[in-house]
Amino acid sequence: DCTALSDVLICCSSTIIRSLPLKVSAWVIGSLALIFNTVVLARGTWELPSVKSSSAVFFDRALILAISLGDMMVGAYLLRIATVDAKYKGPVCGVELFQWLVSPEC
């Protein structure tokens, strides 16, 4: 169900991340999480076949890889939020608001 935008000025002035320290933290933590967990996944995947599948070390390394994958995905999500926040900064009004509401980012 689509509704036409009227001439009334509809604005959304809030951003996703409001304070500058939180924005910087999102970029730094997201980047570091993505980089370091990619290294852990690459190294762990490379070394995993050399461990016997019945040993406890194999199970421990497999859990570390699973945790690293989840942490990497959280870092990517944090970077995505920071990217969308940077893309839609400032007040979003009228047609821009409609584009934001129908965008995949929203």
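Scroll up to find the structure.
Residues numbered from 1 in each chain as written. Predicted model: local features only at pLDDT ≥ 70, side-chain atom pairs only at ≥ 80, totals over all residues. Heavy atoms only, no water.

This part is about the overall build of the protein chain. Each helix and strand in the protein chain was counted, giving three helices and two strands. The buried share of the protein chain, taken over its 106 residues, is 22%. Relative to all contacts within the protein chain whose residues are 6 or more apart in sequence, the contacts with residues 24 or more apart total 71%. Accessible area for the protein chain stands at about 7,900 Å²; split by element, carbon and sulfur atoms hold 69% of it. (Helix = DSSP H or I, 4+ residues; strand = E, 2+ residues; numbered from the N terminus. Buried < 20%, exposed > 50% of the residue type's maximum accessible area, 1.4 Å probe, protein only. Contact = heavy atoms within 4.5 Å. Areas by Shrake-Rupley, 256 points an atom, 1.4 Å probe, with all protein chains shown as cover.)

Next up on the list: the layout of surface pockets. Here the largest pocket is characterised by a volume of approximately 160 Å³. What lines the largest pocket is Val39, Val40, Arg43, Gly44, Glu47, Leu48, Arg61, Ile64 and Leu65. Put simply, the parts of the chain that give the lining of the largest pocket at least two residues each are helix H1 (20–47) and helix H2 (56–87). Looking at the lining of the largest pocket element by element, the count peaks at five residues for H1. Across the lining of the largest pocket, the residue classes break down as five nonpolar, one polar and three charged. (1 Å grid on protein atoms, 1.4 Å probe; cavity = no way out; pocket = protein on both sides within 12 Å on 5 of 7 lines; lining within 4 Å. Points joined across faces, edges and corners; volume = space filled by probe spheres on them. Nonpolar A, V, L, I, M, F, W, Y, C, P; charged D, E, K, R; others polar.)

Residues three or four positions apart in an α-helix share a direction because the helix packs 3.6 residues into each turn. Taking 1.5 Å per residue as the helical rise, H2 with its 32 residues ought to reach 46 Å, and the 47 Å between its terminal C-alpha atoms agrees with that figure. Buried within H2 are the following residues: Leu65, Ser68, Met72, Gly75, Leu79, Ala82, Val84 and Asp85. (Expected span 1.5 Å × (residues − 1).)

Let us now look at the side chain of Ser68. Within the fold, Ser68 resides in helix H2. The buried category is assigned to Ser68, whose relative accessible area is 3%. Side-chain polar atoms of Ser68 contact the side chain of Asn37, separated by 3.1 Å. Non-local contacts of Ser68, meaning those with residues more than four positions away in its chain, are made with Asn37, Val40 and Leu41. (Polar contact = N/O pair within 3.5 Å; in protein donor to acceptor, adjacent residues only side chain to side chain.)

On to the pattern of salt bridges. Enumeration according to the criterion identifies three salt bridges in this entry. The partner of Glu47 in a salt bridge is Arg43, with the nearest N and O atoms 3.3 Å apart. Linking Glu47 with Arg43, this pair stays in helix H1, spanning four residues, or about one helical turn. Glu47 sits in the partly exposed class, given a relative accessible area of 26%. For Arg43, a relative accessible area of 56% gives the class exposed. In this structure, Arg61 and Glu47 form a salt bridge, with 3.8 Å as the shortest nitrogen-oxygen distance. Here Arg61 is found in helix H2, whereas its partner Glu47 is found in helix H1, with 14 residues between them in sequence. Judged by its relative accessible area of 32%, Arg61 is partly exposed. Among the charged side chains, a network of salt bridges with common partners joins Arg43, Glu47 and Arg61. (Salt bridge = Lys/Arg side-chain N within 4 Å of Asp/Glu carboxyl O.)

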